[in-house]
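Fold and contact review
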2 protein chains.
Amino acid sequence: MDDRLDAIFSALSDPTRRAILARLANGKATVAELADPFELSQPAISKHLKVLEQAGLIRSGREANSRPRVIEPAALKTIADWIADYRRFWDESFDRLDDYLTKVQGYEND
Amino acid sequence: MDDRLDAIFSALSDPTRRAILARLANGKATVAELADPFELSQPAISKHLKVLEQAGLIRSGREANSRPRVIEPAALKTIADWIADYRRFWDESFDRLDDYLTKVQGYEND
DNA sequence: TAGCTATATAGCCGAATGGATATATTCTTT
DNA sequence: AAAGAATATATCCATTCGGCTATATAGCTA
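Okay, so let's go over this structure. Quick caveat: nothing in here was measured; it's all calculated off a predicted structure.

A short note on the protein's contact with DNA strand D
- As a matter of local geometry, DNA strand D sits amid 23 residues, with Ser46 and Arg69 of chain A together with Ser41, Lys47 and His48 of chain B nearest to it.
- Here DNA strand D approaches the protein such that, of its atoms within 4 Å, sugar and phosphate make up 63%.
- Ala32 of chain A is positioned with one of its backbone polar atoms (N or O) 2.9 Å from a phosphate oxygen of DNA strand D.
- Asn65 of chain A is positioned with one of its side-chain polar atoms (N or O) 3.4 Å from a base nitrogen of DNA strand D.
- Contributions of two or more residues to the surface near DNA strand D are made by helix H3 (31-35) and helix H4 (42-54) of chain A together with helix H4 (42-54) of chain B.

Focus on the protein's contact with DNA strand C
- Inspection of the region around DNA strand C gives 23 residues, with Ser41, Lys47 and His48 of chain A together with Ser46 and Arg69 of chain B positioned closest.
- Interatomic distance of 3.3 Å between a side-chain N/O atom of Asn65 of chain A and a base oxygen of DNA strand C.
- One of the side-chain nitrogen or oxygen atoms of Gln42 of chain B is found 2.8 Å away from a base nitrogen of DNA strand C.
- At the level of secondary structure, the elements contributing two or more residues to the surface near DNA strand C comprise H4 of chain A together with helix H3 (31-35) and H4 of chain B.
- Residues belonging to the surface near DNA strand C are distributed by class as follows: seven nonpolar, eight polar and eight charged.

Considerations on the packing of aromatic side chains
Residues and elements named next belong to chain B.
- The tally for this structure, following the rule as stated, stands at seven aromatic pairs over all chains.
- On the basis of an interplanar angle of 75° and a centroid distance of 5.3 Å, the ring pair of Phe9 and Trp82 is categorised as edge-to-face. Of this pair, Phe9 sits in helix H1 (residues 2-12) while Trp82 sits in helix H5 (residues 73-84), and the two are 73 residues apart along the sequence.
- A relative accessible area of 0% means that Phe9 is categorised as buried.

Regarding unusual backbone geometry
Residues and elements named next belong to chain A.
- The backbone of Ala64 sits at a positive phi, close to 55°, despite the residue not being glycine.
- For Ala64, the position within the fold is in the loop between strand E1 (58-60) and strand E2 (69-71).
- Residue class for Ala64 comes out exposed when judged on its relative accessible area of 75%.

Observations concerning the environment of Asp2 of chain A
- Structurally, Asp2 of chain A is set in helix H1 (residues 2-12).
- Those residues within four positions of Asp2 of chain A in sequence are excluded, and the remaining contacts are Pro15 and Arg18 of chain B.

Some words on the nonpolar core
- Counting residues in hydrophobic clusters, the biggest one holds 56 residues, and the most contacted among them are Leu21, Leu57 and Trp82 of chain A together with Leu21, Leu57 and Trp82 of chain B.
- Ignoring any residue separated from it by four or fewer positions in sequence, one finds Trp82 of chain B in contact with Leu12, Arg18, Leu21 and Leu76 of chain A together with Leu5 and Phe9 of chain B.

So, helix H2 (residues 15-24) of chain A
- Where H2 of chain A is concerned, the buried positions are Thr16, Arg17, Arg18, Ile20, Leu21 and Leu24 of chain A.
- The opening residue of H2 of chain A is Asp14 of chain A, an N-cap whose side-chain oxygen sits 2.8 Å from the backbone nitrogen of Thr16 of chain A.

With respect to the pattern of salt bridges
- Overall, the coordinates contain ten salt bridges over all chains when judged by the stated rule.
- For the salt bridge of Asp81 of chain A with Lys77 of chain A, the shortest nitrogen-to-oxygen distance reads 3.0 Å. With Asp81 of chain A and Lys77 of chain A both in helix H5 (residues 73-84), this residue pair falls four residues apart, about one helical turn.
- For Asp81 of chain A, a relative accessible area of 31% corresponds to the partly exposed category.
- Linking Lys28 of chain B and Glu63 of chain B is a salt bridge whose minimum nitrogen-to-oxygen distance equals 2.9 Å. Residue Lys28 of chain B is located in the loop between helix H2 (15-24) and H3, and its partner Glu63 of chain B is located in the loop between strand E1 (58-60) and strand E2 (69-71); the two are separated by 35 residues in the primary sequence.
- Judged by its relative accessible area of 46%, Lys28 of chain B is partly exposed.
- The exposure class of Glu63 of chain B is partly exposed, given its relative accessible area of 41%.
- Linked through salt bridges whose partners overlap, the residues forming this network are Asp2 and Asp6 of chain A together with Arg18 of chain B.

Digging into the side chain of Asp14 of chain A
- Locating Asp14 of chain A in the fold gives a position in the loop between H1 and H2.
- No salt bridge forms around the buried Asp14 of chain A; measuring N to O, its nearest opposite-charge neighbour Arg17 of chain A is 4.5 Å away.
- Beyond its immediate sequence surroundings of up to four residues, Asp14 of chain A is in contact with His48 of chain A together with Asp6 of chain B.

Conventions and cut-offs
Residues numbered from 1 in each chain as written. Chains lettered and ligands numbered in written order. Predicted model: local features only at pLDDT ≥ 70, side-chain atom pairs only at ≥ 80, totals over all residues. Heavy atoms only, no water. Near = heavy atom within 4 Å. Polar contact = N/O pair within 3.5 Å; in protein donor to acceptor, adjacent residues only side chain to side chain. Helix = DSSP H or I, 4+ residues; strand = E, 2+ residues; numbered from the N terminus. Nonpolar A, V, L, I, M, F, W, Y, C, P; charged D, E, K, R; others polar. Phe/Tyr/Trp six-rings, centres within 6.5 Å; stacked < 30°, edge-to-face > 60°. Buried < 20%, exposed > 50% of the residue type's maximum accessible area, 1.4 Å probe, protein only. Contact = heavy atoms within 4.5 Å. Core = buried A, V, L, I, M, F, W, Y, C linked by side-chain atoms within 4.5 Å. Salt bridge = Lys/Arg side-chain N within 4 Å of Asp/Glu carboxyl O. Lys, Arg positive; Asp, Glu negative; His and termini not counted.

Shape is all these values report; function is a separate question.
Spelled out as structure tokens, the structure:
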């Protein structure tokens, strides 16, 4: 589990990879489409995609000639959950809010 | 701003540094205290602390002979905010929840 | 002030990272 | 089947990273 966090945080530590992820937030895209905004070689982009995929942040599909990528929410949720443990440090009202929703509204939080 | 994210994600990609941060979530600690759980040299720990500090995740104090560290919530909030943009991918109810709080309870969300 | 304690810095080393170019692989199309 | 398109893999290179040992610095104590 620690290894997964390593891989996810490490993957996100690169601005190119975060930009790729941001692009994929708008939907499926091919490698060529993902590479387009950057002044990087195609292999460099493929490498970044491999890092993202091994971290579980994206998945590869197969469509005719191309291998479109889609975003994979689970990995992002993993680190969101990790950060949630620290949320009390900057958001005093978080715990009270959480209680309120659970008790009064019946919302469940993760 | 991108550089800040680089530094924060990169700092968090190491398990030793995440463990140090977890320890600091329980309150201020000296370098020696932080080093204790690990089988690493003291300089190695100092290096990790420097990385965390340069990422803005911790701060150094001065207390007699020692330089105690404390957690610094701002950096964690920075990446929590970054992740929040993707929350819709795994939490369908998030937007509705957000609306509900803003309208009915007057809570503000960043 | 001399020595002790706590921590930082310097320098070294091997492994990992991010980039490039060249080439291989896999479909699709003609 | 041959050519073209999309993408992956192999190498190579410079830089960064995480660890170590040795040493420096700063404050406390005798």
